[in-house]
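Here are the chains, one letter per residue:
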Amino acid sequence: MKPTKKIKNTSTDIIDPNTIITYKEGKILAGKINRHIRSVLCPKHKDSNPSEFADINEKGIPFISCKKCGTLWVNLEGYQPKSESLFEILSYKHRNLESTVERPRSQDETHQLLHKIRENFSLNNVVYGVEGVGKSYLAKILCDTGIKLIFACHSNKQAEEKFNELNKSGLKPFLLKSKSYEIEKNFGIKPIVHPRKNPWDLGQINMEATINLINKVNPNITESDLSTISSEQPSHTHPVDWTSQNLVVMTHARLQRLGYLNMREHTQGYTLPIPENIVIFYDDPILDDFMTLFTFHSNIRDRKIDGISVDVHIPKKDDRIYYIKPEFLRFGYGLEKNLSIITTTELLIVELISRQRPEITIHDQLFPSTSKLEGGDIHLISTRLVWAKFDGILPLIMERLTRLGFEFEYIANGQGCSTNLCNNKGLNSLSELATVIEISIPTPEETMRLYEQFDGEIEERVINLALMLDKLHQAVGRNSGYRFRGKPCVVLVDPKYFRAIERHSRYSFKSAISPDKENPKIYPRKQPKFDHLAEAIRWYINRLDIYLGDGRKAEYDCIASLRKVNGQQHDIRKKRITISLKNLVKRYPHREKPLNRLLEKLQDPKVNRQAA
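1. Observations regarding the overall build of the chain
Turning to step 1, where the next piece is worked out: Counting secondary structure elements, the chain contains 19 helices and 26 strands.
Turning to step 2, where the next piece is worked out: The buried share among the 612 residues of the chain stands at 52%.
Turning to step 3, where the next piece is worked out: Long-range pairs, those at least 24 residues apart, make up 71% of the contacts in the chain between residues at least 6 apart in sequence.
Turning to step 4, where the next piece is worked out: Only carbon and sulfur atoms are counted for the fraction: they give 48% of the accessible area of the chain, which is about 29900 Å².

Below, the structure is given as structure tokens:
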């Protein structure tokens, strides 16, 4: 790596390589500085203005340049950095086709490991493990010892599910619901919100418009029914009485707001909403919780949040502009003195946390380090049909498979599916159902945002692979691995990443096949009887030409698949089907007649009314 500054090592000021260096966009260990970093806080004097910089000299020795303290050199003698990053492991080794396969541990074995992890807790902890292994049992271990704890989930729905689960385990949790979720549950409508003021604004409820909508949908509603939602709670009110509560379940968004209040009331000398003796348990946060860059959109122009200006990041390689998330909106703000536990299954989240919070302890004993996990009945299929120009045909094939008697949940993005690769996280109701999962290459915006988040240190292909693996593992874990109940799971992936996913996936596959490339003679022209879901999907991929040639089947499946969705999902699916049919005409010109007939059918207002 070429240095950007050539400075001689003449200063006697030396700092330890394990010193945490804070800069505007995050934190880094002094020994890991390998590039020019601006807007740095000096680690030597009490610095509140990030105006210094860090870099390396021509010999690769890191330093911090401070106007007050001079040049601070990092002593690398005998420095042994922590084990290589998960990205480095992923990029050239880790798991491969010859890896041994490990069976899921028993519940007793898992609980013993969790007790050992508990004994080795530091102030900030990440518990990294496979989907369904039972990481949240740690909350019960802590509560059984008399510790007061906040259990935070990503969504209100997940919070309610976890509340019921903790209740059944013998604990007595208190569920702190959001007003929007109560409105949705009690009145059957999603509240109307004001326009977002900034990228991280979830949207304040427009109470007047929401009440008007409730009255319209529920004409017999009374004033007393509405009184519970129309009353406003002062922002400084403490929502939890810690003298009577030991375990409180809430969302990450609510916890973030309470952390902000914690910091504000600490500076003003008030009692904290969340005292320092409360343990914070973050259950399965999403990647965006740790992303500090947000793509600029012209419709969000407010550059100030609570009077504080938002900085921007302008990359050298990408032509996008990014907002930088202010520190007071970042994960864990205002709760730095509370013992925290973050549970996750995602490679990217572990990598982001370890970079942003170098002091954090990562506990990965629940995760098989070199072995693959026995998944159950998982089948990996490579196909070009996951490409955006073809994937609109997949809902039709799924409809045909349902008509053949297969019961399964189809999980995909961008096709109007009720269950997709975003909202399946934390969904534990699919363990008794077969699944079909579509994994395509991430969009350029997804990839480049992460590329910039990692300061350009990780190549784009590795970022794509990590994103695809995290999505795959999350969806596969709904009914396989620790949640396997005998139901199959079929994963459709892009051919460009097929072998890499087969090699690096944490799960073992019963089969990994590329039916696009297989000789059609292997598959009979006439549709056979299928014994397995994966077998049926392989036939329809390989013999797509025959399926499209029977215009009646494709037409029926198209209309039936549209009837199952409405609103925005219907519009998304219809658009995707239309794009696919037009591209399939080019691929199968001899099927132009039935495909064009189907395209005409899609434009028929009568069909659209039936579907919607």
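2. Re empty space enclosed by the protein
The probe, sized like a water molecule, is rolled over the atoms to show the empty space still left.
Turning to step 1, where the next piece is worked out: Counted by the stated rule, this structure contains 3 cavities of 30 Å³ or more.
Turning to step 2, where the next piece is worked out: Approximately 40 Å³ is the volume attributed to the largest cavity.
Turning to step 3, where the next piece is worked out: Forming the boundary of the largest cavity are Ile 280, Tyr 282, Gly 332, Leu 335, Glu 336, Ser 340 and Arg 357.
Turning to step 4, where the next piece is worked out: When its residues are assigned to classes, the lining of the largest cavity shows 3 nonpolar, 2 polar and 2 charged.

3. Brief notes about the pairing of strand 23 (residues 408-411)
Turning to step 1, where the next piece is worked out: Side chains Phe 408 and Tyr 410 project from strand 23 onto one buried face, and the interleaved Glu 409 and Ile 411 project onto a second face that is buried too.
Turning to step 2, where the next piece is worked out: Bridge count between strand 23 and strand 24 (residues 434-439): 4 bridges; the pairing is parallel. Paired with Ile 411 across the two strands is Ile 437, which belongs to strand 24.

4. What about the confidence of the model for the chain?
Turning to step 1, where the next piece is worked out: On average, residues of the chain score 85 in pLDDT, and 89% of them reach the 70 mark or higher.
Turning to step 2, where the next piece is worked out: Here residues 1-11 is modelled with pLDDT under 50, and outside its nearest four sequence neighbours on either side it reaches 25 contacts, counting other chains as well.
Turning to step 3, where the next piece is worked out: Contacts for the low-pLDDT stretch residues 91-97, under 50 throughout, to residues beyond four places or in other chains number 21 contacts.

5. Overview of the packing of aromatic side chains
Turning to step 1, where the next piece is worked out: Counted by the stated rule, this structure contains 11 aromatic pairs.
Turning to step 2, where the next piece is worked out: Taken together, Phe 530, Trp 539, Tyr 540 and Tyr 547 form an aromatic cluster joined through their ring pairs.
Turning to step 3, where the next piece is worked out: Positioned over the ring face of Tyr 497 is Arg 461, at 4.3 Å from the centre of the ring.
Turning to step 4, where the next piece is worked out: A cation over a ring is seen here: Arg 587 above Phe 390, with NZ or CZ 5.3 Å from the ring centre.

6. Thoughts on the sheet that holds strand 18 (residues 322-324)
Turning to step 1, where the next piece is worked out: With respect to topology, 3 strands assemble into an open sheet ordered 14-18-17, the strand pairing being antiparallel. Two strands bound the open sheet, and with one partner strand each, they are strand 14 (293-295) and strand 17 (312-313).

7. Remarks on the nonpolar core
Turning to step 1, where the next piece is worked out: Counting 94 residues, the largest nonpolar core has Leu 149, Phe 151, Leu 255, Ile 437, Val 491 and Ile 501 as the members making the most contacts within it.
Turning to step 2, where the next piece is worked out: The dominant element in this core, judged by the number of residues it contributes, is helix 12 (residues 460-476), at 10 residues.
Turning to step 3, where the next piece is worked out: Filtering out sequence-adjacent residues up to four positions away, Leu 255 remains in contact with Ile 150, Ala 152, Met 250, Ile 274, Ile 280, Tyr 282 and Leu 335.
Turning to step 4, where the next piece is worked out: Judged by nonpolar contacts, the second largest core, of 44 residues, contains Val 386, Leu 394, Ala 554 and Tyr 588.

The rules behind the values
Residues numbered from 1 in each chain as written. Predicted model: local features only at pLDDT ≥ 70, side-chain atom pairs only at ≥ 80, totals over all residues. Heavy atoms only, no water. Helix = DSSP H or I, 4+ residues; strand = E, 2+ residues; numbered from the N terminus. Buried < 20%, exposed > 50% of the residue type's maximum accessible area, 1.4 Å probe, protein only. Contact = heavy atoms within 4.5 Å. Areas by Shrake-Rupley, 256 points an atom, 1.4 Å probe, with all protein chains shown as cover. 1 Å grid on protein atoms, 1.4 Å probe; cavity = no way out; pocket = protein on both sides within 12 Å on 5 of 7 lines; lining within 4 Å. Points joined across faces, edges and corners; volume = space filled by probe spheres on them. Nonpolar A, V, L, I, M, F, W, Y, C, P; charged D, E, K, R; others polar. Pairing = 2+ DSSP bridges. pLDDT = per-residue confidence, 0-100. Phe/Tyr/Trp six-rings, centres within 6.5 Å; stacked < 30°, edge-to-face > 60°. Lys NZ or Arg CZ within 6 Å of the ring centre and 35° of its normal. Core = buried A, V, L, I, M, F, W, Y, C linked by side-chain atoms within 4.5 Å.

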